[in-house]
Amino acid sequence: MLEIIKEEENVKTVKVTVESEKVKEATEKVFDELSKNVRIKGFRKGRVPRNLLKTIVGTEEIEDMIKEKVADMALDKLYEDEEFKKMNVMLPPALVSIDMGEDAKVVFEIHLYPEVEIDSLEGEEIEIPELKEEDVEKDVEEELERLREENAVLEPKGENEVVEEGDHVEIEYHVTGKEETPRTFDFVVKDPKSSQLFQDILGKKVGDTIEFIDERDENKTSYTMKITAIHRRILANLDDEFAKSVDVEAETLEALKQKLREKIKGSFNDFIKTFEANTILNRLANKTKLKMSDHSLELFINHVIMRQKENKEYEKSLKDFKGDENAYKESLKKEITNYLKIKGAVEKIAKEKGIEVSEEEIFEKAKEYYSSMNISDERLKVTLSKEKELHDRIKNDLLHDKVAEELLKSAKIVVKKADEENNAEEDKKEKTEEEKTDE
Amino acid sequence: MANDLTPYDVIIRPIITEKSTLNFANSTYTFEVDSRVNKYQVRDAIEKLYNVEVENVRIMNYKGKPKRYGRSEGYTRSFKKAVVKLREGFKIQEFEGLI
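Residues numbered from 1 in each chain as written. Chains lettered and ligands numbered in written order. Predicted model: local features only at pLDDT ≥ 70, side-chain atom pairs only at ≥ 80, totals over all residues. Heavy atoms only, no water.

Asker: Got a minute to help me understand the overall build of chain A in this structure?
Answerer: Each helix and strand counted, chain A has 15 helices and 13 strands in total. Residues classed as buried in chain A amount to 33% of the 439 residues present. Taking as baseline every contact in chain A between residues at least 6 positions apart, the subset at least 24 positions apart corresponds to 67%. Of the roughly 29200 Å² of accessible surface on chain A, 46% is carried by carbon and sulfur atoms. (Helix = DSSP H or I, 4+ residues; strand = E, 2+ residues; numbered from the N terminus. Buried < 20%, exposed > 50% of the residue type's maximum accessible area, 1.4 Å probe, protein only. Contact = heavy atoms within 4.5 Å. Areas by Shrake-Rupley, 256 points an atom, 1.4 Å probe, with all protein chains shown as cover.)

Asker: When you look at the pattern of salt bridges in this model, what are you seeing that I'm missing?
Answerer: Any two side chains of opposite charge can pair, on the condition that their charged atoms come close. All names here are of chain B. Summed over all chains, the structure comprises 40 salt bridges over all chains. Between Glu32 and Arg77 there is a salt bridge; the shortest N-O distance is 2.8 Å. With Glu32 in strand 2 (residues 28-33) and Arg77 in the loop between strand 5 (72-75) and strand 6 (79-86), this pair connects stretches of sequence that are 45 residues apart. The class of Arg77 is exposed, set by a relative accessible area of 52%. Taking the shortest distance from any N to any O, the salt bridge between Asp44 and Arg43 comes out at 3.4 Å. (Salt bridge = Lys/Arg side-chain N within 4 Å of Asp/Glu carboxyl O.)

Asker: Can you walk me through the packing of helix 12 (residues 359-369) of chain A against helix 13 (residues 377-386) of chain A in this structure?
Answerer: In a packed pair of helices, the relevant descriptors are the angle between the two axes and the axis-to-axis distance. Residue and element names in this part refer to chain A. Between helix 12 and helix 13, the shortest axis-to-axis distance is 11 Å and the interhelical angle comes to 115 degrees. The pairing of helix 12 with helix 13 is recorded here as roughly perpendicular in orientation. Here helix 12 runs over helix 13; the crossing is right-handed. Here Ile362, Phe363, Ala366 and Lys367 of helix 12 come into contact with helix 13, specifically with Asp377, Leu380, Lys381 and Leu384. Counted by class, the contact of helix 12 with helix 13 contains five nonpolar, no polar and three charged residues. (Axes fitted to C-alpha atoms, helices over the stretch in contact; angles between N-to-C directions. Parallel < 35°, antiparallel > 145°, perpendicular 65-115°, else oblique. Left-handed = near helix turned anticlockwise from the far one by under 90°. Nonpolar A, V, L, I, M, F, W, Y, C, P; charged D, E, K, R; others polar.)

Asker: Sorry, what's going on with the sheet that holds strand 1 (residues 11-14) of chain B here?
Answerer: Two pairing modes exist for strands in a sheet, parallel and antiparallel, and in both the strands are linked by backbone hydrogen bonds. Residue and element names in this part refer to chain B. Strand order in the open sheet formed by four strands is 1-2-6-3, and the pairing between neighbours is antiparallel. Every other strand in the sheet has two partners, leaving strand 1 and strand 3 (54-62) as the edge strands with one partner each. Neighbouring strand axes in the sheet, compared pairwise and without regard to direction, differ in orientation by 30 degrees on average. Pairing between strand 1 and strand 2: three bridges, direction antiparallel. (Pairing = 2+ DSSP bridges.)

Asker: Teacher, can you tell me more about the confidence of the model for chain B here?
Answerer: Residues shown with low pLDDT carry predicted positions that ought not to be read at fine detail. Residue and element names in this part refer to chain B. Summary statistics for chain B give a mean pLDDT of 92 and a share of 97% for residues scoring 70 or more. Confidence, expressed as mean pLDDT per element, reaches its minimum in chain B at helix 4 (residues 93-96) with 86 and its maximum at strand 6 with 97. Two summary scores accompany this predicted model of the complex, namely pTM at 0.66 and ipTM at 0.80. (pLDDT = per-residue confidence, 0-100.)

Asker: What should I look at first to understand helix 9 (residues 294-310) of chain A in this one?
Answerer: Each turn of an α-helix holds 3.6 residues, which means side chains three or four residues apart point in the same direction. Residues and elements named next belong to chain A. For helix 9, with 17 residues, the first-to-last C-alpha span of 24 Å sits near the 24 Å given by 1.5 Å per residue. For helix 9, every residue scored as buried is listed here: Ser296, Leu297, Phe300, Ile301, Ile305 and Gln308. Tucked inside the fold, the buried residues of helix 9 contact strand 2 (11-18), strand 4 (104-111), helix 10 (314-319) and helix 11 (325-353). Remark: Lys312 follows helix 9 within two positions and exhibits a positive phi of approximately 55 degrees. (Expected span 1.5 Å × (residues − 1).)

Asker: What is the right way to look at the sheet that holds strand 4 of chain A in this model?
Answerer: Residues and elements named next belong to chain A. Spatial ordering of the open sheet is given by 1-2-4-3, a layout of four strands whose pairing is antiparallel. A single partner strand is all that each edge strand has here, and the edge strands are strand 1 (2-8) and strand 3 (94-100). Averaged over neighbouring strand pairs, the angle between their axes works out to 20 degrees when direction is ignored. Here strand 1 pairs with strand 2 via six bridges, running antiparallel. Across the sheet, residue Glu8 finds its bridge partner in strand 2, namely Val11.

Asker: Explain unusual backbone geometry here, please?
Answerer: Most peptide bonds adopt trans geometry, and most residues besides glycine take a negative phi value. Residue and element names in this part refer to chain A. At Glu9, a residue that is not glycine, the phi angle is positive and equals roughly 45 degrees. Residue position: Glu9 is located in the loop between strand 1 and strand 2. The phi torsion at Lys312 lies on the positive side, around 55 degrees, for a residue other than glycine. Locating Lys312 in the fold gives a position in the loop between helix 9 and helix 10. Judged by its relative accessible area of 74%, Lys312 is exposed.

Written as structure tokens, this is what we have:
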């Protein structure tokens, strides 16, 4: 039975009683394990008297071991408690104290997801970028150019002709000084300024060899490359024939262009949708207050760091902050606060407005995620039922999307003209320059 | 000379093994003793040291066993062991906490 002894903000202090029989059981277990593992000359394994064990191992150490076992028992009891199951627990329960009387009294601190207070978001204005027709046309031209490059026809160059920028080159290569079967590779020679290899290969003929040192490799491996073929790339003319060759559905070049226009506009609309949702959720975070203790936040940060250390990710994360632990902790603090604000606010709004995520919706979303993996519906259902973390993550994503959608209904979406954007940027620049001259 | 030994010289250490601890219940205790002493000296030493009355003492000599450590050969040390049985009603309190 769980006894709540203190409630403060999002922290509940609870007392769990472990009965005397269970305490005895824990004591027996500790001595059993000790006598199995402690080797003392003159005694067979498991035959060392308890008092002798206490003298050798130390009474305090043995008591600590018993306390550890009792704490585990209390934790199991806590996890099985119906009241605890109803709690929205944020972190694993933290052990506060163990009072070893006849019945052991174990005190835990339970950190719950904090409650939130949300200010109204009514009439919130969201500025979205404008998609100008000329920008669409520019993107269409770029896409057509990419398609031309991709579908270029390769024409072999003569024996005396040399490699030029834009040519397609086939090579055989091996590590210099190592006797190994050469491997083959082919590539298009691009701007010589972008790579040493392009610089070295320009002007070479079929049969020529070059030495190339891979600067990106830690060991600076040197490769010997032999040119086996050079092709001139002939780009197709932009006409109806080209349109048909790259897209069977497009009869004319204009039809292909129209299709590309629709694709670009579709991608832009998807981007705007995500942008709007992210913006409104960030605004929501700014308008949300957490009812949470600093101690809880600190524990959360330490918990994240501990997890990262377990997964050997901590050093990597710290690198981004040039090894400054305090700066990293500060950034984690902001990130966690923001996460908790959005999570709390989204759940509160969903509850108030009756927004729910059904199992079918979760399944459909999972299907979308795993569409490229060809997983059967049955297998996906089993995976979702087995992997609670994945199920909950998808559910959470969907709930966020739905709440964002609901909030966007009352928000004012303003399309920011590209010219205005440029003007604003210029104004900003002017201002900073003015400030500089003032200084 | 063996006669000059004090009780602290006679008794070297108690021997605590599975077998010896089992005998604690019969007020029988095992000690390693000086190799020069006899059972009467052991009796007197135990009576003086622990303030008890001894019923009998059994003495046994352990001969060192040949032992080889790589290329060097030698013997483990020899020692004398005394099993001391106390009169009824007597116990050595110092050993009581061990079992």
